[in-house]
Amino acid sequence: MTPGWIIALIAAAGAGFGLALIAAPRSAWPLLGVFGALFACLSVRGWKPARFAIALALLLVVIPAAGVQNNFLFELVTQMGIFAAMALGLNIVVGMAGLLDLGYAAFFAVGAYTWAIFGSAQAAQFMSGDFPLAGWPYFYIFSALAVIAAALLGTLIGLPALRLRGDYLAIVTLGLGQVVRVLANNLDQPVNITNGPQGITPIERPPIGWLESLMGALGIDGGPALGYALFFYLLVLAVIGVVVLVNVRLDRSRFGRAWVAIREDEIAARAMGISPTRTKLQAFATGAAFSGVMGAIFSAKQLFVSPESFTLLQSITILAMVILGGMGSIRGAIIGAMAVTLLNIEVLKSFSDFLARLRQTGFVLDLGVVSFNFANLSDQVEPAKYERMIFGIILILMMIFRPSGLIPEARHRLEEGEQTEQMKATPAGKRRAP
Amino acid sequence: MSNALITLLPSVVLEGLLLGCVYAMIALGYTMVYGVLGLINFAHAEVFMVGAVAGVEVYRYLGPLVDNPYVLALAAVIIAAGVSGALAMAIERLAYRPIRRHGSSNRLVPLITAIGVSFFLQDLVRLIEGLWHGEFYMNYPASDPMEYLHELPFGMTIQNKSILVMVVAVSMMVGLDRLVRRTRLGRAIRAVAQDLPTASLMGIDPDRVISRTFLIGGALGGVAGVLFGLLYSQINPFVGFVPGVKAFTAAVLGGIGNIHGAMLGGLVLGTLETLGGTYLFFLTDGAIGNEYKDVFAFVILVLLLLFRPQGLLGRAQGEKV
């Protein structure tokens, strides 16, 4: 149990940074402070209603109030939310059920293309009808369809793959992730379904007249760009709420316990009457479904989809989020998604800009013994373009030093004491890695 | 039209076998590591890529000094083998061994580490090449004697460089076979693959054997990188991924953990892929062309895992409790 004064401190920090952010919506430090307070709310234990209230105040008051002055804030947090939902989905597959899925972006792609094809003129290429499907219910209907399509694909891929040993599954999902991308790239002939490498654009967005009139009533005037930024922010927040709720309920249900049982010892689980293939399929389809709905939202938000958004890098990015946060941990997945997105969009880019400025001004770093003129720094040194290296380092270091992640799953924490005792009793030679 | 397809067959098969030699060499690295550790070493694709890049560097720096293209190619092969072998050993020492030591109960830990190493190496090579030469897309230079085309019966043709690739690949594979079957180290590798704890009781230092296994597998991968570069010329830091996955497929096809299986699997997969890429185009009137040849390998992998997961030469194993 966290002492009360720490919670009070978090509340004070949240309020302080929050006010600072509303006053200066473009500066980086208050933003980082607000995210720090959010992280703290998620990572400490106990005082649940208080932490919940702080997080809600930050998300529903501070960020919208600052966001209407600076659209980018909505963009950043929406991106975080999309990744957080996907990390939560992958967390079910990798964290809870212990199945390494390296083709997770494929489900995201299916969701994105589901809306992209019918929410643009693309569908007219292969069927008759009046496209794009504009008007309010269509987007929501197709978001639901995206969930179903992704879950179906998950089941289809899972059926052959899940009967195999865990490490084969990794390579099969890796391959099928590529297959989906190759299909998206090449299904522009003989029948043009995906429009190939050019991608599909423009994609319809749901009408938001109600939100604009609400904003007008509040005296906020930012035009449709701001309206949609706010809309997608709220939409993603609502979906995240549902996803978290589903995750928590699943975690404590028959399903969740079966997944963990399969992960810990498949043979023992089978002896207890759990069907491994069916249980794994359920995990696979559930994880895919979360990714599918976010794909539909992503395509509407971006107005554009192309096969290049669904690469292996995308799958590994989401995996890095789950690993960083802690496999099997719901709070961990959210924190991991926020941290990696912040690193990717904010920190690396700022660092790149900083280096570029040093390079332009020809700043000379003089350490007495050696001196270095930044004008000579190669333009290949651009941290924002080296995500692979960053994710690689995150994965390696986490696995070596903290395999259970920043916020370990509660079950693991409870087992920890027992496990170290067991380790001591096992002879060194028996400790084989896989 | 069917006539044209039949006359084409021998040369398509020959080309498939060439590609298969490269796959087989990479597959050996996967299968040997899987044999001793039970780990799918995702980073092996990058060991292969580093071999290809090391070969380009040899061409870049020794090319102006050495006239004979065969000597140059052999120098590239030897240096790439050294660089890749050392890299594979370093990966094992720095990433996999610490994880083996702390012995986490989670089976995914080594696999995820391997993916991390793979991604890290791609960008590391990109950064180094970028700083060194200002760009990271590379080419193996063509030389006339290497491109010389021999006419063979049945309308087949073969280039000098293809002969070189076959000679190098076959001699390396025969050498590996001798090494594993006839030497002390080979016996130790087989013992560790069979039962690590028991092998360590018999006076074998498992860490040493594992390290040597990575060295040998890495060296083979590096050589495969140079051969790949000689055949297809264009190289970049991301070139390892696709051949890597296919070579893994080849290893599974032959029966993972089985050295002869990896060789056979590589040759079979290379041939099937080239045949599929060429003939599906004709059979479907161009609807399914060469762009689907990567998909082809994965389909083979999935079908294989469904119907014969132990591979062509592997034995079915029950799961131990």
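Owing to the predicted nature of the structure, the values given are computational and were not obtained by experimental measurement. (Residues numbered from 1 in each chain as written. Chains lettered and ligands numbered in written order. Predicted model: local features only at pLDDT ≥ 70, side-chain atom pairs only at ≥ 80, totals over all residues. Heavy atoms only, no water.)

Draft legend 1. Region of interest: the overall build of chain B. From N to C terminus, chain B includes 12 helices and 4 strands. Compactness check: chain B gives a C-alpha radius of gyration of 20 Å against a globular reference of 20 Å for 321 residues, within 12% of the reference. Over its C-alpha atoms, taken along the principal directions, chain B stretches across nearly 60 × 50 × 35 Å. Residues classed as buried in chain B amount to 56% of the 321 residues present. In chain B, 77% of the contacts between residues at least 6 apart in sequence involve partners at least 24 apart. Of the accessible surface of chain B, which amounts to about 13,700 Å², a share of 65% is contributed by carbon and sulfur atoms. (Helix = DSSP H or I, 4+ residues; strand = E, 2+ residues; numbered from the N terminus. Rg over C-alpha atoms; globule rule 2.2 N^0.38 Å. Buried < 20%, exposed > 50% of the residue type's maximum accessible area, 1.4 Å probe, protein only. Contact = heavy atoms within 4.5 Å. Areas by Shrake-Rupley, 256 points an atom, 1.4 Å probe, with all protein chains shown as cover.)

Draft legend 2. Representation of the packing of aromatic side chains in the model. Residues and elements named next belong to chain A. Inspection of the entire model under this criterion finds 22 aromatic pairs over all chains. Each ring, one from Phe74 and one from Tyr233, has its centre 5.2 Å from the other, and the planes form 45°; the classification is tilted. Taken as a pair, Phe74 in helix α4 (residues 71-96) and Tyr233 in helix α9 (residues 223-251) lie far apart in primary sequence, 159 residues in all. By the burial criterion, Phe74 is buried, and Tyr233 matches it. Centre to centre, the rings of Phe107 and Phe284 are 6.2 Å apart; their planes meet at 85°, and the pair counts as edge-to-face. (Phe/Tyr/Trp six-rings, centres within 6.5 Å; stacked < 30°, edge-to-face > 60°.)

Draft legend 3. Main features of a nonpolar patch on the surface. A cluster of nonpolar side chains, A:Phe363, A:Leu365, A:Leu367, A:Val369, A:Val370 and A:Phe372, forms an exposed patch at the surface whose accessible area comes to about 590 Å². Relative to the assigned elements, A:Phe372 resides in strand β2 (residues 371-373). (Patch = residues over 30% accessible without salt bridge, like charges linked within 9 Å, V, L, I, M, F, W, Y side chains within 5 Å. Salt bridge = Lys/Arg side-chain N within 4 Å of Asp/Glu carboxyl O.)

Draft legend 4. View of the domain arrangement of chain A. Residue and element names in this part refer to chain A. Under the domain assignment, chain A is made up of domain 1 (1-67) and domain 2 (72-430). Placing a centre on the C-alpha atoms of domain 1 and another on those of domain 2 gives a separation of 25 Å. Across the contact, 17 residues belong to domain 1 and 17 residues belong to domain 2. Carbon and sulfur atoms make up 78% of the surface buried where domain 1 meets domain 2, a total of about 1,600 Å² over both sides. By the criterion of area lost to domain 2, the three top residues of domain 1 are Phe35, Phe39 and Leu42, representing 36% of everything that side buries. Counting the contacts that link domain 1 with domain 2 gives 0 salt bridges. Where domain 1 packs against domain 2, one counts 3 residue pairs in polar contact (both at pLDDT 80 or more). (Domains from an automatic or database assignment. Buried area = accessible area lost by both parts, 1.4 Å probe. Polar contact = N/O pair within 3.5 Å; in protein donor to acceptor, adjacent residues only side chain to side chain.)

Draft legend 5. Focus on the packing of helix α5 (residues 105-118) of chain A against helix α12 (residues 276-302) of chain A. All names here are of chain A. Direction vectors running N to C along α5 and α12 enclose 45°, while the axes themselves pass 6 Å from each other. What the angle tells us is that α5 and α12 run oblique. As α5 runs across α12, the sense of the crossing is right-handed. Here Phe107, Phe108, Gly111, Ala112, Trp115 and Ala116 of α5 come into contact with α12, specifically with Phe284, Ala288, Ser291, Gly292, Met294, Gly295, Ala296, Phe298, Ser299 and Ala300. A class-by-class count of the residues in the contact of α5 with α12 yields 11 nonpolar, 5 polar and no charged. (Axes fitted to C-alpha atoms, helices over the stretch in contact; angles between N-to-C directions. Parallel < 35°, antiparallel > 145°, perpendicular 65-115°, else oblique. Left-handed = near helix turned anticlockwise from the far one by under 90°. Nonpolar A, V, L, I, M, F, W, Y, C, P; charged D, E, K, R; others polar.)

Draft legend 6. Spotlight on the interface of chain A and chain B. Counting residues at the interface gives 52 residues for chain A, matched by 62 residues for chain B. Interface area for chain A against chain B, summed over the two sides, is near 5,300 Å², with a carbon-plus-sulfur share of 72%. Run the count over chain A and chain B and you get 0 salt bridges. Summed over the shared surface of chain A and chain B, the result is 4 residue pairs in polar contact (both at pLDDT 80 or more). Mapped by element, the contributors of at least two residues to the side of chain A that touches chain B are α7 (166-186), α13 (312-325), α15 (387-401) and α16 (410-425) of chain A. A per-class count over the side of chain A that touches chain B returns 33 nonpolar, 11 polar and 8 charged.

Draft legend 7. Examining α4(A) more closely. Residues and elements named next belong to chain A. With 26 residues, α4 ought to run about 38 Å at 1.5 Å a step, and its terminal C-alpha atoms sit 36 Å apart, in line with that. The principal kink in α4, of about 35°, is found at Leu90. The element α4 is extensively covered by neighbouring structure, given that 23 of its 26 residues are classed as buried. Downstream of α4 by one or two residues, Gly98 has phi in the positive range, about 70°. (Expected span 1.5 Å × (residues − 1). Bend = angle between axes of the 7 residues up to and from the residue.)

Draft legend 8. The packing of helix α2 (residues 44-62) of chain B against helix α3 (residues 69-102) of chain B, seen in detail. Residues and elements named next belong to chain B. One way to put it is that α2 packs onto α3 with a least axis distance of 8 Å and a crossing angle of 140°. Here α3 runs oblique to α2, going by the angle between their axes. Crossing handedness for the pair α2 and α3: right-handed. When α2 is examined against α3, the residues Val47, Val50, Gly51, Ala54, Gly55, Val58, Tyr59 and Leu62 are found in contact with a partner set consisting of Pro69, Leu72, Ala73, Ala75, Ala76, Ile79, Ala80, Val83, Ser84, Leu87, Ala88 and Ile91. Looking at the contact of α2 with α3, its residues break down into 17 nonpolar, 3 polar and no charged.

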